[in-house]
Amino acid sequence: MEDYNFVVGQVFPDVKAFRNAIKEAAIAQHFELRIIKSDLIRYFAKCASDGCPWRIRAVKLPNASTFIIRSLEGTHTCGRNALNGHHQASVDWIVSFIEERLRDNINYKPKDILHDIHKQYGITIPYKQAWRAKERGLAAIYGSSEEGFYLLPSYCEEIKKTNPGSVAEVFTTGADNRFQRLFVSFYASIHGFVNGCFPIVSLGGIQMKSKYLSTFLSATSFDADGGLFPLAFAVVDVENDESWTWFLSELYKALEVNIECMPQIIFLSDGQKGIVDAIRRKFPKSSHAFCMRHLSECISKEFKNSRLIHLLWKAAYATTTTAFKEKMAEIEEASPEAAKWLQQFHPSQWALVYFEGTRYGHLSSNIEEFNKWILDARELPIIQVIERIHGNLVTVFDDRRLKSNSWCSVLVPSAERRMVEAINHASTYQVLRSDEVEFEVISADRSDIVNIGSHSCSCRDWQLYGIPCSHAVAALISCRKDVYAYTAKYFTVASYRDTYAEELHPVPKKLEWRRTDESGLDNDIAVVRPPKFRRPPGRPENKRICVEDHNRDKHTVHCSRCNQTGHYKTTCKAEMINSIEQF
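What counts, and at which threshold
Residues numbered from 1 in each chain as written. Predicted model: local features only at pLDDT ≥ 70, side-chain atom pairs only at ≥ 80, totals over all residues. Heavy atoms only, no water. Axes fitted to C-alpha atoms, helices over the stretch in contact; angles between N-to-C directions. Helix = DSSP H or I, 4+ residues; strand = E, 2+ residues; numbered from the N terminus. Parallel < 35°, antiparallel > 145°, perpendicular 65-115°, else oblique. Left-handed = near helix turned anticlockwise from the far one by under 90°. Contact = heavy atoms within 4.5 Å. Buried < 20%, exposed > 50% of the residue type's maximum accessible area, 1.4 Å probe, protein only. Polar contact = N/O pair within 3.5 Å; in protein donor to acceptor, adjacent residues only side chain to side chain. Pairing = 2+ DSSP bridges. Right-handed = clockwise from strand over helix to strand, strands pointing away. Core = buried A, V, L, I, M, F, W, Y, C linked by side-chain atoms within 4.5 Å. Domains from an automatic or database assignment.

Asks: Teacher, can you tell me more about the packing of helix H6 (residues 152-162) against helix H15 (residues 382-404) here?
Replies: H15 packs onto H6 with a crossing angle of 20° between their chain directions and a minimal axis gap of 10 Å. As summarised for this structure, H6 and H15 are arranged roughly parallel, according to the angle between their axes. In this structure, H6 crosses over H15, and the sense of that crossing is right-handed. The residues of H15 that touch H6, namely those facing Leu 152, Tyr 155 and Ile 159, are Ile 382, Ile 383, Ile 386 and Glu 387.

Given below as structure tokens:
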């Protein structure tokens, strides 16, 4: 407390510095201030407690901004009279207390603010006051949510100007130009997906936590080494069937410009009906599969049995129909209810062996990995969210581009390890050649037929994963073929380097491009106002909804009084009508 003691003649740079110092002292020493006079040239105050003689008077020096304490009377006799709160502990004071902490940690929670203030000053402030201070602090550091929407059109123009070929469009609704949707896909991402990534796209959404109601939608892919590759993202005012159809329509247009012939893309999602219908409408030639991680979470939630989850994954990864049926029989033996529950999902929607097309071993979406990029930024204005994604993309592209320059193999490390393992196993096999393309490969416990012309093996690993299995490797080596030439191009180092070939250029900060003269607004760029609806109180839903919940029929309520459906006993109007008739 000695740090907060004052003496006559003590000087301060200006009146603001003095007011902050006296406020800090009052809070730290637990006494309330009663301000008698406070303006730009003088400050008189006393202790608010009755009978306490403490007084202070400070004035501004002539021809200077300096403030000096002229008199200090009495000592406090009031004791600690401000323990459960403090009038001087205003929202502005809390903002000054937490500002540096907020800069270091956006996810600085109100409860942590309460704890830190109590630990340092020994006072308890209301939770709502801490929450307001955090909101105001974030606005002071990063700008307000309203400003974020207002500057959005200009920011989109900056993205397209600095990263030519990128798509950045904002859509509004109503006569007052309320924000409705935003779609962004950087050219480096589009080029990387078209030229190097697997033709697989994961789709998903997560609620934002900013002042206004909105949802973040995203589309991601996988690079040659299985790494997360963000392709496009959007922010919509409402997540529904219409917004998903719009998002996939914008994604199709972004890809169509850069691809002569649209590839047959495989989409992974949580099975939400709106997503499935949108894929069917906008990408009619593509396939859709349920994310296995999500499906396993659903069965875990429904039946609370870890063995079922293990068997489900075994069935999903089965490469033959026989192996799949064996695992399904084990599931039925472990839980008939679970086996019946799984019947609502056709195996072609999730099992590798029945899926039409090649998934290259990717059974689960990587959307949640991408969502982690913005988890702690969801409270920030919309432009800050885009800047966070752009910054992460720059880092990932630079790091992976540099890393791949040191690779000397034909395939990326994960695929190279698989190939080396296949070559080691192949050395123990016996190969019998049938004709130019067909071979019989005999191992210790089985015999497999390999056709190098159709890139197939009876074990089905080659067809399902795109990398020659050990049987195929044995057949290829026996006829002196290059095993790497028979591997899908997506696994090559060349594809990986093509994925990250384009650079992401920096986008100027808003201070460099925001309009400095409000009177000279560009009439061609309409002002975007925030959405009409604010985010409701409470914590946003973080967990994904189980697949069956999307298609589950709504529960029909029943009234025990009038025996009708559609309402409860407490809201029944029949009793009210009877009472009126009797009256």
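Don't stop here, the text continues.
Asks: Explanation requested: the side chain of Ser 269 in the structure shown.
Replies: Here Ser 269 lies in strand E11 (residues 266-269). Using a relative accessible area of 1% as the deciding quantity, one classes Ser 269 as buried. One polar contact links Ser 269 to His 288, side chain to side chain, over a distance of 2.7 Å. Not counting chain neighbours up to four residues away, the residues in contact with Ser 269 comprise Leu 203, Ile 275, His 288, Ala 289, Phe 290 and Cys 291.

Asks: Explain the pairing of strand E12 (residues 287-290) here, please?
Replies: Covered by surrounding structure in E12 are Ser 287 and Ala 289 together with His 288 and Phe 290, the residues of both alternating faces. Where E11 and E12 come together, 4 bridges link them in parallel fashion. When the bridges of E12 are listed, Ser 269 appears paired with Phe 290. Tracing the backbone out of E11, into helix H9 (residues 273-282) and back to the parallel element E12 gives a crossover that is right-handed.

Asks: Could you clarify how one ought to interpret the nonpolar core in this entry?
Replies: In summary, soluble globular proteins display a tendency toward joint burial of nonpolar side chains. Counting residues in each nonpolar core, the largest one holds 102 residues, and the members touching the most others are Leu 182, Leu 203, Phe 216, Phe 247 and Ile 389. Composition of this core by domain shows at least three residues from each of domain 3 (146-291 + 365-395) and domain 4 (413-486). Leave out the neighbours within four places in its chain, and Phe 216 touches Gly 204, Gly 205, Ile 206, Met 208, Phe 233, Ala 234, Val 235, Phe 370, Asn 371, Ile 374, Val 385 and Ile 389. Ranked by size, the runner-up nonpolar core spans 26 residues in total, among them Leu 311, Leu 312, Phe 345 and Leu 464.

Asks: Help me out: how do you make sense of the sheet that holds E12 in this one?
Replies: Hydrogen bonds along the backbone pair up the strands of a sheet, which may run parallel or antiparallel. Read from one edge of the open sheet, 7 strands run E6-E7-E10-E9-E8-E11-E12, paired in mixed fashion. On the outer flanks of this sheet lie strand E6 (167-173) and E12, each paired with one strand and no other. Averaged over neighbouring strand pairs, the angle between their axes works out to 20° when direction is ignored. As defined by bridge partners, strand E7 (residues 178-185) adjoins strand E10 (residues 228-236) across 4 bridges and the pair is classed as antiparallel. Among the inter-strand pairings, Leu 182 is bridged to a residue of E10, identified as Val 235. The sheet contacts of H15 involve E7, strand E9 (215-222) and E10, and relative to E10 the element is tilted by about 170°.

Asks: Before we go on, may I ask you to explain the sheet that holds strand E14 (residues 438-442) in this structure?
Replies: As summarised here, the arrangement of the 4 strands in space is E13-E14-E15-E16, forming an open sheet in which the pairing is antiparallel. Each having just a single partner strand, strand E13 (430-433) and strand E16 (456-457) make up the two edges of the open sheet. Two strands pair when backbone bridges link them, and strand E15 (residues 447-451) and E16 are joined in this way by 2 bridges, in the antiparallel orientation. Across the sheet, residue Val 450 finds its bridge partner in E16, namely Cys 457.

Keep in mind these values describe shape, not function.
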